[in-house]
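Spelled out, the chains give:
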Number of protein chains: 2
Amino acid sequence: MKETTKIVLDAMGGDNAPVEIIKGAIEAVNKREDIEIILTGKEDIINQELAGYTYNKDQISVVNTSEVIETAEPPVMAIRKKKDSSIVVGLKMVKKGEADAFVSAGSSGAVLAGGQLLVGRVKGVERPPLAPLIPTEKGFSLLIDCGANVDARPSHLVQFAKMGSIYMENVIGVKNPKVAIVNIGAEEEKGNALVKETFPLLKECEDINFIGSIEAREIPHGQADVIVCEAFVGNVILKLYEGVGGVMVSMIKKGLMTTLRSKIGALLIKPALKETMKSFDASEYGGAPLLGLEGLVVKTHGSSKAKEVCNSILQCVTFKEQKINDQIRECFQKDVQ
Amino acid sequence: MKETTKIVLDAMGGDNAPVEIIKGAIEAVNKREDIEIILTGKEDIINQELAGYTYNKDQISVVNTSEVIETAEPPVMAIRKKKDSSIVVGLKMVKKGEADAFVSAGSSGAVLAGGQLLVGRVKGVERPPLAPLIPTEKGFSLLIDCGANVDARPSHLVQFAKMGSIYMENVIGVKNPKVAIVNIGAEEEKGNALVKETFPLLKECEDINFIGSIEAREIPHGQADVIVCEAFVGNVILKLYEGVGGVMVSMIKKGLMTTLRSKIGALLIKPALKETMKSFDASEYGGAPLLGLEGLVVKTHGSSKAKEVCNSILQCVTFKEQKINDQIRECFQKDVQ
C-alpha cells in the first residue's frame, strides 16, 4: 500500500483565497486517494466553502487559525507576532512532522522567512533557494534562486546548482539535467565578480552536469534545465518573463481588433493561440519549492487559481516519494565531511 | 544655414556588413542633406558596394582601413593592437574633432572599450553607460546601463540617471522623464546592497524626476522612461526581452500552422500582427548611445539591417543639435564644484 502524503494548505493566502484554494484542494483529492490535505485558516469560512463540494471527507480536514498575514506586512515581524496565522500554524505542523509539506499562495516574504525560521534548514545548506519552473520553447527550466535573500556568495550558487539538479532529475524527471549560470557572455572570463568566482567552482563540481554560462537571450529557448543565479537577478528574470509575455499577448489581441479582416482571422486562430499560450503559462507547472528545508514548503503565485493549487499539491507527492530531502541531506553531508 | 553633422560609420562591423551598413548610409543621406558620412573599412569593397547606388557624392566619403576587429577578440587588446581597424580609426576621428559621432554594429566590447580609451570621458563622468531604448506598451524606455562594466557603485547609478534623463528629454523628446531603479519590490527597504544604497541618493537628486523602484514585471508596461540598473542586470533585461519576444512569436507562428482553421486565420491576421510586432521591435529606434564621452559613440545591434543603421545615423543629428555633451558636461561640472 502506498504511503499517504500529508499537505497543509494555507486556505487564507493569495488573491483568490479561499474560493480557488479550496477548489484546488478538492480537485487534488478527487485525483489521488493517497493524499490528505489539512486546510489552515478561519474554520467557519472554510467549512462553508467545503460544503458546496462532493469529496472523500477523510482526505480533507481543517485546523482553525484566527490570524491572517497580509502581503504588505514586514515578513519576519509577521511570522514572530502572528502565531495563530494560517502560515505559522501550517509551517509548524511541517516542522513537527505532522505534515510532509506546506503550500501557500500568501505573502512570499512570510512564507520564505517562515520556512527558514520555523521549518529550518537541512544540515549543510547555507541558504534555501526558491526555485520556480519557467516555461521555455522546449518545456520548462528551473530558475534557482528567486527568493528574498539577495547578494549571494559563490558557495550559495554551487549549492543551488546541486539542489536544483536533484529536484529536476527526481521530481520533474529530467535525466542528467543541464546546469548553466546566468551570465552576460558565453566566455568564462565574462561576468560580474560573483559569476567569475562561481564559474570555476561549478566546473569542478562532480555532482552536476554543468554546461557553462547562459545568456538571458537563450533562457526562453530552453538551453539549460537548471538556471543558476543570484536572487536579485532571478527575480528580475522571473518577473520580466511574466511582463514581456503579458504585454505581448495584450498588444497582439489589441492589434487583431484593428481591421475587419484581422477580426475574422482572430476568431479563427483563437483555439490554436490559446493552446500555444497554455504551453507558455507558468501556472501549468504548480508552485515554486523552497529547497533545502527540513520539510517541503511550496509557494504558488499570489494570483493562483484552482488548477495551480492542485498542481502544487500533486508536486508535493512526487517530492515525498522521491525522498528529495534525503537526497539533499546526503549530497550536503558528503560536502560537510 | 544648418550645420552639417559628420558621422563616421564602421562599414566592416556587424553580421550584415558591408551590404546593409552601406545601404543604411545611402538611406540616411537621401533623407537629410545636413549629414556627411565617412565610411571606414576596406576601400575597394566599400566603393564596389557604393557603385550600385545613386546619392549625393559630397555626402559620403571613404577612409581606407586595413584591419578588422572580430567579435570574439578580447576588446582592449584588439583596440591597442589593431590601430588600422575601422573601429580604431573611426573613434580617433571623433576624438580629434574630425567627426561628431561614430556608429558601429561591430564588436560591442571593442566599441565600448575603444570609446572610453580613445574618445575619453567628459570630466566628472565616472563610467560611461550604454543605454539602448527598449520597446514598451506605451512606446519605449531607456535602459541604462547595459554596458560591459559590471559591479557598479551607487554614484555610477546616480550619474546614469542624470545622463539618461538628459538623453530622453532632449534627443527623444520626453518632457520631465520619469526615472526608476530596477528592484525586486516596490518598497524602499527592498533590494540588494547596491539598490538600497542608491535609492536615497536618487531620492535626493534634484536634477531628475525619480519615481522610485520598478519591478521587472512593470518594465514592458512603460511605467518609467529611464530605467536605471547596474550593467549585469541591464544586460539580462535587454537580452531576455529579445529572447522571450522571439520565442513567443515563433511559438505563435508554429501554433497557427496546426489546423486548417488556424492557417486561414493566420493569413487574415498577418498584416495586423506584423504591425504589432513592428512596434515591439527594438531596431525601429536605432542604436544605443554610449553616454558621457567627449563625442558620440553609438552601438547598433550586430544583426542591424539598413533601417536600424539609418535610424542610428539620424539619432546622431539630434544628439548634436541638442548639444547633449554640453548638457552632460554642465550637469557634472555643477557636481564637481
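A few points on the structure. These numbers come from a predicted model, not from an experiment. (Residues numbered from 1 in each chain as written. Chains lettered and ligands numbered in written order. Predicted model: local features only at pLDDT ≥ 70, side-chain atom pairs only at ≥ 80, totals over all residues. Heavy atoms only, no water.)

Let's talk about the relation of the copies chain A and chain B
Where we set the bar: To superpose the copies, least squares is applied to the C-alpha atoms of every residue with a pLDDT of at least 70 in both. Two residues form a contact once any of their heavy atoms are found within 4.5 Å.
You can overlay chain A on chain B at an RMSD of 0.0 Å; the transform is a turn of 180° with a shift of 0.0 Å along its axis. Those values place the two copies in the arrangement expected of a two-fold rotation axis. When each C-alpha of chain A is compared by its distance to the rotation axis, A:Gly265 comes out closest, at 2.0 Å. In this assembly the copies share their binding face: 100% of the residues contributing to the interface of chain A also contribute to that of chain B.

A word on helix H1 (residues 19-31) of chain B
Residues and elements named next belong to chain B. Counted only if it meets this: In this description a helix means any DSSP run of H or I spanning at least four residues, a strand means any run of E spanning at least two, and both kinds are numbered starting from the N terminus. Here, expected helix span is obtained from the residue count minus one, scaled by 1.5 Å. Burial classes follow relative accessibility: with a 1.4 Å probe on protein chains only, a residue under 20% of its type's maximum area counts as buried, one over 50% as exposed, and anything between as partly exposed.
Here H1 spans 19 Å end to end across 13 residues, near enough to the 18 Å set by a 1.5 Å rise per residue. Here H1 has its buried residues at Glu20, Ile21, Ile22, Gly24, Ala25, Ile26, Ala28 and Val29. Those residues of H1 that are buried are in contact with strand E1 (5-10), strand E2 (35-41), helix H2 (43-50), strand E3 (60-64) and helix H10 (306-321).

A short note on the interface of chain A and chain B
In plain terms, the rule: By buried area we mean how much accessible surface two parts lose on assembly, using a 1.4 Å probe and totalling the loss over both. Any carboxyl oxygen of Asp or Glu within 4 Å of a side-chain nitrogen of Lys or Arg constitutes a salt bridge here. Counted as a polar contact is a pair of N or O atoms within 3.5 Å, where, for protein atoms, one must be capable of donating a hydrogen and the other of accepting one, and residues adjacent in sequence contribute only when both atoms are in side chains.
Taken together, the 52 residues of chain A in the interface contact 52 residues of chain B. Counting the surface chain A buries against chain B, the share from its top three residues, A:Ile184, A:Phe232 and A:Leu240, is 14%. Remark: the boundary between chain A and chain B carries 4 salt bridges. The salt bridge involving B:Glu215 is made with A:Lys239; its shortest N-O contact spans 2.4 Å. If you look at where chain A meets chain B, you find 14 residue pairs in polar contact (both at pLDDT 80 or more). Sorting the residues of the side of chain A that touches chain B by element identifies strand E7 (178-183), helix H7 (193-204), helix H8 (231-256) and helix H9 (260-279) of chain A as the ones contributing at least two each. In terms of residue count, H8(A) provides more of the side of chain A that touches chain B than any other element does, 20 residues in total.

Comments concerning the nonpolar core
This is how the line gets drawn: Buried Ala, Val, Leu, Ile, Met, Phe, Trp, Tyr and Cys residues form a nonpolar core when they are joined through side-chain atoms within 4.5 Å.
With 173 residues, the main nonpolar core has A:Leu39, A:Ile219, B:Leu39, B:Ile219 and B:Ile237 as its most contacted residues. When residues in this core are grouped by element, the largest group, 12 residues, is from H8(A). In this view, A:Ile219 contacts A:Ile134, A:Thr136, A:Val182, A:Ile214, A:Ile227, A:Ile237, A:Tyr241 and B:Leu240; residues no more than four positions away in its chain are not counted. Listed in part, the 24 residues of the second largest apolar core include A:Ala78, A:Met93, A:Leu290 and A:Leu293.

What to know about the sheet that holds strand E5 (residues 133-135) of chain A
As a general point, the strands of a sheet are linked pairwise by backbone hydrogen bonds and lie either parallel or antiparallel. Residues and elements named next belong to chain A. Note the following rule: By the convention used here, strands pair only if DSSP detects at least 2 bridges between them. Note on method: axes are straight lines fitted to C-alpha atoms, helices fitted across the in-contact stretch only, with angles between N-to-C directions ranging 0 to 180 degrees.
The mixed open sheet is built from 5 strands, whose spatial order is E5-E6-E9-E7-E8. Across the chains shown, the open sheet's two edge strands, defined by having one partner strand only, are E5 and strand E8 (209-215). Neighbour-to-neighbour, the strand axes of the sheet open up by a mean angle of 35°, direction not taken into account. Relative to E8, E7 runs parallel, the two sharing 6 bridges. For Lys178, the partnering residue across the bridge sits in E8 and is Asn209. Packed onto the sheet, helix H6 (residues 154-172) meets E5, strand E6 (140-144), E7 and strand E9 (226-228) and runs at close to 150° relative to E6. Sheet strands touched by H7: E7 and E8. Its angle to E7, the strand with the most contacts, is close to 165°.

Overview of the packing of helix H1 (residues 19-31) of chain A against helix H2 (residues 43-50) of chain A
Residues and elements named next belong to chain A. Operational definition: For this classification, under 35 degrees means roughly parallel, over 145 means roughly antiparallel, 65 to 115 means roughly perpendicular, and everything else is oblique. Put simply, a crossing is left-handed when the front helix is turned counterclockwise from the back one by less than a right angle, and right-handed when it is turned clockwise. Amino acids are sorted into nonpolar (Ala, Val, Leu, Ile, Met, Phe, Trp, Tyr, Cys and Pro), charged (Asp, Glu, Lys and Arg) and polar (every other residue, Gly among them).
Following both chains from N to C, one finds H1 and H2 inclined at 55°, their axes separated by 10 Å at the closest point. It follows from the interaxial angle that H1 and H2 lie oblique. Seen from above, H1 lies across H2 with right-handed handedness. For the pair H1 and H2, contact is made by Val19, Ile22 and Ile26 and by Ile46, Glu49 and Leu50, respectively. Residue composition of the contact of H1 with H2, by class: 5 nonpolar, no polar and 1 charged.

Considering the sheet that holds strand E11 (residues 296-299) of chain B
All names here are of chain B. If you walk across this open sheet you meet the 6 strands as E3-E2-E1-E4-E11-E10, and the pairing is mixed. Unpaired on one side and paired on the other, E3 and strand E10 (288-290) mark the two borders of the sheet. On average, adjacent strands in this sheet sit at an angle of 25° to one another, irrespective of strand direction. With 4 bridges joining them, strand E4 (residues 101-104) and E11 adopt parallel strand pairing. Note that in E11 the partner of Ala101 across the bridge is Leu296. Most of the contacts of H2 go to E3, to which it runs at about 160°, and overall it touches E2 and E3. Taken strand by strand, helix H4 (residues 86-95) contacts E1, E2, E3, E4 and E11, and its axis lies near 160° from that of E4.

A word on the pairing of E4(B)
Residue and element names in this part refer to chain B. Of the two faces of E4, the one carrying Ala101 and Val103 and the one carrying Phe102 and Ser104 are both buried. One ladder, built from 3 bridges, connects E1 with E4; its direction is parallel. The residue of E4 that forms the bridge with Ile7 is Ala101.

Here we look at the environment of A:Gly52
One can find A:Gly52 in the loop between H2 and strand E3 (60-64). For the pair A:Gly52 and A:Lys23, spaced 29 residues apart in sequence, the C-alpha separation works out to 9.8 Å.

Considerations on the side chain of B:Asn235
Here B:Asn235 is to be found in helix H8 (residues 231-256). Given the relative accessible area of 9%, B:Asn235 is considered buried. A distance of 3.0 Å separates polar atoms of two side chains, one belonging to B:Asn235 and the other to B:Lys239. Other than its neighbours up to four places away in sequence, B:Asn235 contacts A:Ile184, B:Cys146 and B:Gly147.

Some points on unusual backbone geometry
Residues and elements named next belong to chain A. Backbone torsion omega between Ala17 and Pro18 reads 0°, so that peptide bond is classified as cis. Here Pro18 lies in the loop between strand E1 (5-10) and H1. Residue Asn176 is not a glycine yet carries a positive backbone phi of 45°. For Asn176, the position within the fold is in the loop between H6 and E7.

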